[in-house]
Amino acid sequence: MSTETWTLDASDGGQLAVRTDVTGRASRMGHRLTIAVTSWTATVEWTGDAPTAVTVNAEVSSLDVVHGEGGLTPLIGPEKIVAKANALKSFDADRYPSIRFRSTDITSVDSGFRLVGTAEIHGVSREITVDVTVADLGDRWHIGSETTVRQSDYKITPYSQMFGAMKVVDEVTVTFDAEYRKP
């Protein structure tokens, strides 16, 4: 049986991002953010027509606030800089510069694959399940996923201000979207 390794990253047009929401009495003041991870690598090892291992490594310092919905004012340059600084502080990026995922089990499902593995975030390792969709586009494969992660599971305190009247919701959505050209 043949083996093959795919390597995907942001330079291929792939995207790894985190979407947040806000809560609290003053939540209308806050923005629901989309934060891109601009430096990441995903490696997929294949045997035959099935993946046997998946690893993802992301650099926390590469976070970039790309979009914000809601809030009292539009999210522009200075506010994006403040939001990024708050995110890096929440992640304690100097102490925990990387986020890692490594699969331990991969099963085939109707739309692609279910990955069970270990996510290491903020120095905490926990088992997580990620459903990955795979679509054959002829000359390339499209790979995508959307997974909910609870920050407190990784000892991250969600950002808040005004004594908690406006705070980021504990659960964030992590999205992945990439394409791999067939040889």
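The structure contained in this document is the topic of the report that follows. (Residues numbered from 1 in each chain as written. Predicted model: local features only at pLDDT ≥ 70, side-chain atom pairs only at ≥ 80, totals over all residues. Heavy atoms only, no water.)

Right, let's talk about the sheet that holds strand β14 (residues 171–181) for a bit. Strand pairing in a sheet takes place through backbone hydrogen bonds and is either antiparallel or parallel in direction. What the eleven strands build is an open sheet, ordered β1-β5-β6-β8-β9-β10-β11-β14-β2-β4-β7; its pairing is antiparallel. The two strands at the open ends of the sheet, each matched to only one other strand, are β1 (3–9) and β7 (63–70). Shown here is a sheet whose adjacent strand axes are inclined to one another by a mean of 20 degrees, direction ignored. The sheet contacts of helix α1 (residues 77–91) involve β4 (31–37), β7, β8 (98–109) and β9 (112–121), and relative to β7 the element is tilted by about 115 degrees. (Pairing = 2+ DSSP bridges. Helix = DSSP H or I, 4+ residues; strand = E, 2+ residues; numbered from the N terminus. Axes fitted to C-alpha atoms, helices over the stretch in contact; angles between N-to-C directions. Contact = heavy atoms within 4.5 Å.)

What follows deals with α1. Counted at 1.5 Å a residue, the expected span for α1 with its 15 residues is 21 Å, and the 21 Å between its end C-alpha atoms agrees. When we look at burial in α1, the residues that qualify are A83, A87, S90 and F91. Down the axis, α1 shows its buried residues gathered within 95 degrees of arc, on one side only. When the buried face of α1 is taken as reference, the exposed residues oriented beyond 90 degrees from it are P78, I81 and K89. Next to the buried residues of α1 lie β4, β7, β8 and β9. Once α1 finishes, D92 follows within two positions and takes phi at roughly 50 degrees, a positive value. (Expected span 1.5 Å × (residues − 1). Buried < 20%, exposed > 50% of the residue type's maximum accessible area, 1.4 Å probe, protein only. Arc of directions from axis to C-beta.)

Okay, the packing of aromatic side chains next. Applying the stated criterion across every chain, the model contains four aromatic pairs. Taking the centre distance of 4.1 Å and the plane angle of 15 degrees together, the rings of W6 and Y180 count as stacked. With W6 in strand β1 and Y180 in strand β14, this pair connects stretches of sequence that are 174 residues apart. The class for W6 is buried, based on a relative accessible area of 7%. On the basis of relative accessible area, Y180 is assigned to the buried category, the value being 17%. (Phe/Tyr/Trp six-rings, centres within 6.5 Å; stacked < 30°, edge-to-face > 60°.)

The next subject is the nonpolar core. Residues L8, W40, L115, Y154 and F176 are the most contacted members of the largest nonpolar core, which totals 40 residues. If we ignore the near neighbours within four places in the chain, the residues touching F176 are L8, Q15, L16, W40, A42, I143, G144 and S145. (Core = buried A, V, L, I, M, F, W, Y, C linked by side-chain atoms within 4.5 Å.)

Oppositely charged side chains can pair when the atoms bearing their charge come close. Here the structure, examined in full by the defined rule, presents twelve salt bridges. A salt bridge links D136 to K182; the nearest nitrogen and oxygen atoms lie 2.6 Å apart. Here D136, found in strand β10 (residues 124–136), pairs with K182, found in the segment after β14; they are 46 residues apart in sequence, far enough to count as distant. A single salt-bridge network, built from bridges that share partners, covers R126, R150, D153, D170 and E171. (Salt bridge = Lys/Arg side-chain N within 4 Å of Asp/Glu carboxyl O.)

In space, the three strands of this open sheet follow the order β3-β13-β12, with antiparallel pairing throughout. Edge positions in the open sheet fall to β3 (22–23) and β12 (160–161), since each of these has one partner strand only. Here β12 runs beside strand β13 (residues 166–168); their pairing, made up of two bridges, is antiparallel. By the bridge assignment, Q161 is partnered in β13 with M166.

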